[in-house]
Amino acid sequence: MGEKVLMKGNEAIGEAAIKAGCTHFFGYPITPQNDIPEYMSRRLPKEGGVFLQAESEVAASNMVYGAAGAGARVMTSSSSPGISLKAEGISYIAGAELPCVIVNIVRGGPGLGGIQPAQSDYFQATKGMAHGDFRLVVFAPSSVQEAVDLTMEAFDVADKYRNPVMVMGDGIIGQMMEPVEFKDIGTDDLPEKDWITDGAEGRDRNVINSLYLDPEKLEEHNWKLDRKYEKIKEEEVKYETSNMEDADVAIVAYGTTARIVKTAIKKARAEGIKVGLIRPITLFPFPEKVINEAADQVDKFLTVEMSTGQMVEDVRLAVNGKKPVEFYGRTGGVVPTPEEIVEQLKEVVE
Amino acid sequence: MEKVAGRPDSLTDKEFHYCPGCTHGIVHRLVAEVIDEFDLKEETIGVAPVGCSVLAYDYFDVDMHEASHGRAPAVATGIKRVHPDKAVFTYQGDGDLASIGTAEIVHAANRGEEITTIFINNAIYGMTGGQMAPTTLEGQKATTSPYGRDLGEAGHPIKVSEMLSKLDGAAYIERVSVDSPKNIKQTKKAIKKAFEVQQSGEGFAMVEVLSTCPTNWGVSPVEAIEWLQENMLPHYKLGEVVDGEVQG
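Residues numbered from 1 in each chain as written. Chains lettered and ligands numbered in written order. Predicted model: local features only at pLDDT ≥ 70, side-chain atom pairs only at ≥ 80, totals over all residues. Heavy atoms only, no water.

Some thoughts on unusual backbone geometry
Look at the link from glycine 109 of chain A to proline 110 of chain A: it is a cis peptide, with omega at 5 degrees. By the secondary structure assignment, proline 110 of chain A is in the loop between strand 5 (100–106) and helix 5 (122–126). The omega angle of the peptide bond from phenylalanine 284 of chain A to proline 285 of chain A is 0 degrees, so this bond is cis rather than trans. Following the sequence through the fold, proline 285 of chain A ends up in the loop between strand 13 (282–284) and helix 10 (288–294). Even without being a glycine, asparagine 320 of chain A presents a positive backbone phi close to 55 degrees. Relative to the helices and strands, asparagine 320 of chain A resides in the loop between helix 11 (311–319) and strand 15 (325–329). Positive phi outside glycine occurs at aspartate 39 of chain B, with the angle close to 55 degrees. In this fold, aspartate 39 of chain B is placed in the loop between helix 1 (24–37) and strand 1 (44–48). Using a relative accessible area of 60% as the deciding quantity, one classes aspartate 39 of chain B as exposed. (Helix = DSSP H or I, 4+ residues; strand = E, 2+ residues; numbered from the N terminus. Buried < 20%, exposed > 50% of the residue type's maximum accessible area, 1.4 Å probe, protein only.)

Considerations on the sheet that holds strand 11 (residues 249–252) of chain A
Residues and elements named next belong to chain A. With mixed pairing, five strands are arranged side by side in an open sheet as 10-12-11-14-15. Of all strands in the sheet, those bounded by a partner on one side alone are strand 10 (239–242) and strand 15. Pairs of neighbouring strands in the sheet enclose a mean axial angle of 20 degrees, with direction left out of account. Sheet topology places strand 11 next to strand 14 (residues 300–305); four bridges connect them, and they run parallel. Its bridge partner lying in strand 14, isoleucine 251 is registered against leucine 302. (Pairing = 2+ DSSP bridges. Axes fitted to C-alpha atoms, helices over the stretch in contact; angles between N-to-C directions.)

With respect to the packing of helix 3 (residues 72–82) of chain B against helix 5 (residues 102–110) of chain B
Residues and elements named next belong to chain B. Where helix 3 meets helix 5, the closest approach of the two axes is 7 Å, and the angle between their N-to-C directions is 40 degrees. Compared by their axis directions, helix 3 and helix 5 come out oblique. Across the interface between the two elements, Pro73, Ala74 and Thr77 of helix 3 pack against Glu104, Ile105 and Ala108 of helix 5. (Parallel < 35°, antiparallel > 145°, perpendicular 65-115°, else oblique. Contact = heavy atoms within 4.5 Å.)

So, the pattern of salt bridges
Per the stated rule, a full pass over the model turns up 45 salt bridges over all chains. Among the ionic pairs, lysine 238 of chain A bridges to glutamate 153 of chain A, the shortest N-O distance being 2.9 Å. Of the two residues, lysine 238 of chain A is situated in the loop between helix 8 (215–235) and strand 10 and glutamate 153 of chain A in helix 6 (residues 144–161); the sequence distance between them amounts to 85 residues. Residue classification places glutamate 153 of chain A among the partly exposed residues on the basis of a relative accessible area of 21%. For arginine 175 of chain B, the salt bridge goes to glutamate 162 of chain B, with nearest N and O atoms at 2.5 Å. Taken together, the residues arginine 175 of chain B in strand 5 (residues 170–177) and glutamate 162 of chain B in helix 7 (residues 160–165) connect sequence positions 13 residues apart. In this structure, arginine 175 of chain B and glutamate 162 of chain B share a single accessibility class: buried. Among the charged side chains, a salt-bridge network with shared partners connects Arg29, Glu33, Glu37, Lys188 and Lys192 of chain B. (Salt bridge = Lys/Arg side-chain N within 4 Å of Asp/Glu carboxyl O.)

Brief notes about empty space enclosed by the protein
Residues and elements named next belong to chain A. For the structure on display, the rule yields two cavities of 30 Å³ or more. Its volume calculated, the largest cavity comes out at about 50 Å³. In this structure, the largest cavity is lined by Val106, Ala118, Gln119, Pro141, Met168, Gly169, Asp170, Tyr254, Gly255 and Thr256. For the lining of the largest cavity, the elements supplying multiple residues, two or more each, are strand 7 (164–170) and helix 9 (255–270). At three residues, strand 7 tops the list of elements feeding residues into the lining of the largest cavity. Residue composition of the lining of the largest cavity, by class: five nonpolar, four polar and one charged. In this structure, the second largest cavity encloses a volume near 40 Å³. For the second largest cavity, the full set of lining residues is Ala72, Arg73, Val74, Pro99, Cys100, Phe155, Ala158, Asp159 and Lys193. Considering every element that reaches the lining of the second largest cavity, the biggest residue donor is helix 6, with three residues. (1 Å grid on protein atoms, 1.4 Å probe; cavity = no way out; pocket = protein on both sides within 12 Å on 5 of 7 lines; lining within 4 Å. Points joined across faces, edges and corners; volume = space filled by probe spheres on them. Nonpolar A, V, L, I, M, F, W, Y, C, P; charged D, E, K, R; others polar.)

Quick look at the structure:
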């Protein structure tokens, strides 16, 4: 166990990556995630690694694609419009089954949008992101400590499944300072990387590719990927519940919003409203089972998001009609207050 | 019986899929011969492109990494930064390198990225069916320039070698052609030098190979060679390119 240090979220994510063995970082500046490439440019070369500022997000994600294929632990980071540009490379990385970590410090959109915190990239992160049948594992930290832990774990999960893993925060997670501890959570039973392109010395050559001109072969490949995602659904679901024991209403919220909801729940409970929280930590795989089971207990659900309503669709699918699911959202970079959430709760309860 | 000639070790036994008269096969062979001669078969990572040579990974018997349209220099950058002691090459056509991938090639060259790029210029999009390329000549007909390329509308046929040679990171750039045995020999010499430059760590190296596309030009293989000589050679001058000037 290391000692606690006070760090800004973005920088802590960078340090976590280095501690997790990330040797290569390719990125492009975009607000509000710039502290990550800046931190990596200071720290990585000193650790014997490589930082490279690419000419664009498109190039950066394709550099990640090359470096991942070459066997490196590699990361890139960006914010919403930049992630859209990276999506091309990410589809190829997923198609070719390569591991890498992508950090998205989400800002408001669509288009150029704004630079304030939002959760409006939920669809993009969890519903395929780019062309083709593929999924990312998506972690949604709600504190700087959790951002650190999940970033470290992301590298192992990426290696374990040979799949890109996204750590999705927002400007609040990226910019706020909190004490963090860098725990050694690495696993050592990861599969050997015998598929990399490093020059075919003493072995048959390797080819990293996602082209299948024969539709039957591509279908076979896509079902193979799908079986992998099913396995991820079985093994990698993470969530937190609080105050659910006697709850009549369950709020579903993730990331920064979930922190604000926790304050709202304290206030609401002081006013006699029995409300609990289900906080998805993985957005894919989505904790649908715990939400479905909660539907046998609570009367209603309220999903709170910094978007016009994206995760609420997954909550409704998980609840599967058992109970009503209401939605409250602020968007465009507006952060909901605990008071507004309590007001919404009162409406939901009535 | 003693075998006196055959495919280079660095090519697989797989038969090329290229059209009759297409010169990809010649260039593939030259690249493979150079890899063999430098004994780099187990130290080379190739980056395959999109376009007609998208299946290059089936032909080069070395570690290969497929790239998306235009991004081969970025993918190669990622690979090279992980394995700086290995030989990394990209193989790209004119649609790939001179259009959708302009940013990637310019910046890889400008960084002096120690990779070798083989740039096949046949002045047309091949695989997608004969559309206009950035390298399509003035007046040349293509499916998206049916009346011939109009400079006023479509801009000028881009001289990639001249452009890239202006960048400080570009250590070696030569334009060659595979229209004659003499020029094929020169092409091999250039490819060799491009790999040497990479190995010596001098910077970015590129060989632009003027090539044919009988299918999409709508001519016979023999006429294609003649068309290249009569139309491409005057615009795309052969030789080493230094500071935007061909050293003839």
